[in-house]
Amino acid sequence: MKKILSLLAFIMGVFAFSSCVSDVDDVFSDSAANRAQKALTETKTLLESAPNGWRVEYYGDVTYGGYNVFMKFEGDSVTVASEKVGKGQAAGYDENGNALTCKSHFKLEQSMGVVLSLDDYNSIFHYFAEPNNDDFGTAGTGFEGDFEFRVVSASAEKIELKGKKHGARIYMYPMAADMSWGEYMKQVDEAEEFMTSRTYTLQWGEDTENAIYTQSTYRCLNFYTTDKDGKVEVVAAPYIVTPEGYKFYKEVTVKDTKLNGFTKGDTQDFFVATGVENVKLFTEVPTLFDTFKRGLWYLTYDDMGTYGQSKWETLFEKLGKADNDKKRARLYYAAVGYVSDKYPAGLLMATATESQVIIGMTFNAVSDGNGGYYGDRVEMKSNVGKSNNPGKKYYKNDKYGGMSAIDPFCGGFGHTFQITTDNVRHPSYLILTDLNDPTNVIKVWAQSKGYPFGDRDKEEKE
């Protein structure tokens, strides 16, 4: 009996295996090579199908937000434009409104799916992938954009890509036939100019008491909330600018409200949350003192007066000897202002030997003598106790030049500065002028500035 049951089990197993093989044959009726070639062909046909090319919502490190890039595929070539072009981020169109373009080679290949690669250097596109990019990030990182992408999904309405190296999500949409690339970029610039503010207030209805302070850095809104214990939490919302307003990289939740962006509207006083009733982002114009105190402002040697340059020349010389003369302790970037809740005021530096040097300071409002305060002045004093360990080392050990670094800001008993700017609503820079020493003038920037000592600090010490 056992033999009969075993025989029956064997026969049933054979039938089951035959059934599975049949199913597999039905699903994979074509060879893997043919399926791969078919996917490549279909993707290429789709890329070429948009008569006015594609608008790409391009992201790298999402800290910096996204930019509109335009691509038209023909044969094995791609023509690229971008709303921002090259170092300094100049507008992507000329004085006549025509898009500035660059043509290069591209390829599609199979590597665990279809991969789109701009394998030939394209000055517009590869700008975002350059590791030493003075407009974004720190030396060696830059914007962290990709030029090789895995095709996640593709249709005539939308193509989703994922950066092969850094992993940012990229969406491509066909451009409308009646909209030129240059005109789209111009409308984006107009929307950004209309909406941009250094600070905002997020408000629900008429509830001003629970409104949330919001700061803008690059193309990212940072919503400052507090948890049940009163600890400050920051919800970051990277965005791209469209003619309609701000579109977030992904949905964020602020105080139980889901937000996807803000619509421009017809007033600069506030902007309405996209698809959400009764939630508005009000523009705020704080005093220049508050603007300085709340932000992190980047420094360069060239933007200092003669007093500051004399002190930073000492810093440069000492950094050059700080590592036993073997290698420059090069300065990658330097900034002054709000670093974090733990270090609310200070000088922040990154060198080849220390990734984060924080030398503490205090920023005080200046009395106007009438019971109030000047909104455009700041008094700076040293506060070494609010430094991190590398900051204390740089300050206390004279060989690192930390005292020289902070001297222009708070040397001696401190300095008092008059603050001016180019745009009180959205300053690209602030100018600090010492009220007691006209040679101590310091220009600080909202956007990061790599290598504060310029080209002379980019080379390794021989």
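Residues numbered from 1 in each chain as written. Predicted model: local features only at pLDDT ≥ 70, side-chain atom pairs only at ≥ 80, totals over all residues. Heavy atoms only, no water.

J.: Quick question: what am I supposed to make of helix H7 (residues 402-410) here?
T.: When you tally the buried positions in H7, you get eight out of nine residues, the bulk of the element. When H7 is considered as a whole, its buried residues turn out to be Gly 402, Ser 404, Ala 405, Ile 406, Asp 407, Pro 408, Phe 409 and Cys 410. Backbone geometry just after H7 places Gly 412 at a positive phi near 65 degrees. (Buried < 20%, exposed > 50% of the residue type's maximum accessible area, 1.4 Å probe, protein only. Helix = DSSP H or I, 4+ residues; strand = E, 2+ residues; numbered from the N terminus.)

J.: Is there a simple way to think about the pairing of strand E1 (residues 54-59) in this case?
T.: Walk down a regular strand and you will see the side chains alternate between the two sheet faces. Burial analysis of E1 places six of its six residues in the buried class, the great majority of the element. Burial along E1 is two-sided: Trp 54, Val 56 and Tyr 58 facing one way and Arg 55, Glu 57 and Tyr 59 facing the other are all buried. In terms of strand pairing, E1 meets strand E11 (residues 169-174) through four bridges, oriented antiparallel. By the bridge assignment, Trp 54 is partnered in E11 with Pro 174. Inspection of the sheet shows E1 paired to strand E2 (residues 66-74) by six bridges, in the antiparallel sense. Bridge assignment links Tyr 58 to a residue of E2, and that residue is Tyr 67. (Pairing = 2+ DSSP bridges.)

J.: Looking at this structure, how should I read the pattern of salt bridges?
T.: Close approach of charged atoms allows side chains with opposite charge to pair. Inspection of the entire model under this criterion finds 11 salt bridges. Across the salt bridge formed by Lys 107 and Glu 109, the nearest N and O atoms sit 3.8 Å from each other. According to the relative accessible area criterion, Lys 107 is partly exposed, its value standing at 32%. Accessibility expressed as a relative area gives 26% for Glu 109, which makes it partly exposed. Note that Glu 192 and Arg 219 form a salt bridge whose closest N and O atoms lie 2.9 Å from each other. One end of the pair, Glu 192, is in helix H3 (residues 181-195); the other, Arg 219, is in the loop between strand E13 (207-217) and strand E14 (220-226), and 27 residues separate them in sequence. In terms of burial, Glu 192 and Arg 219 fall into one category: buried. (Salt bridge = Lys/Arg side-chain N within 4 Å of Asp/Glu carboxyl O.)

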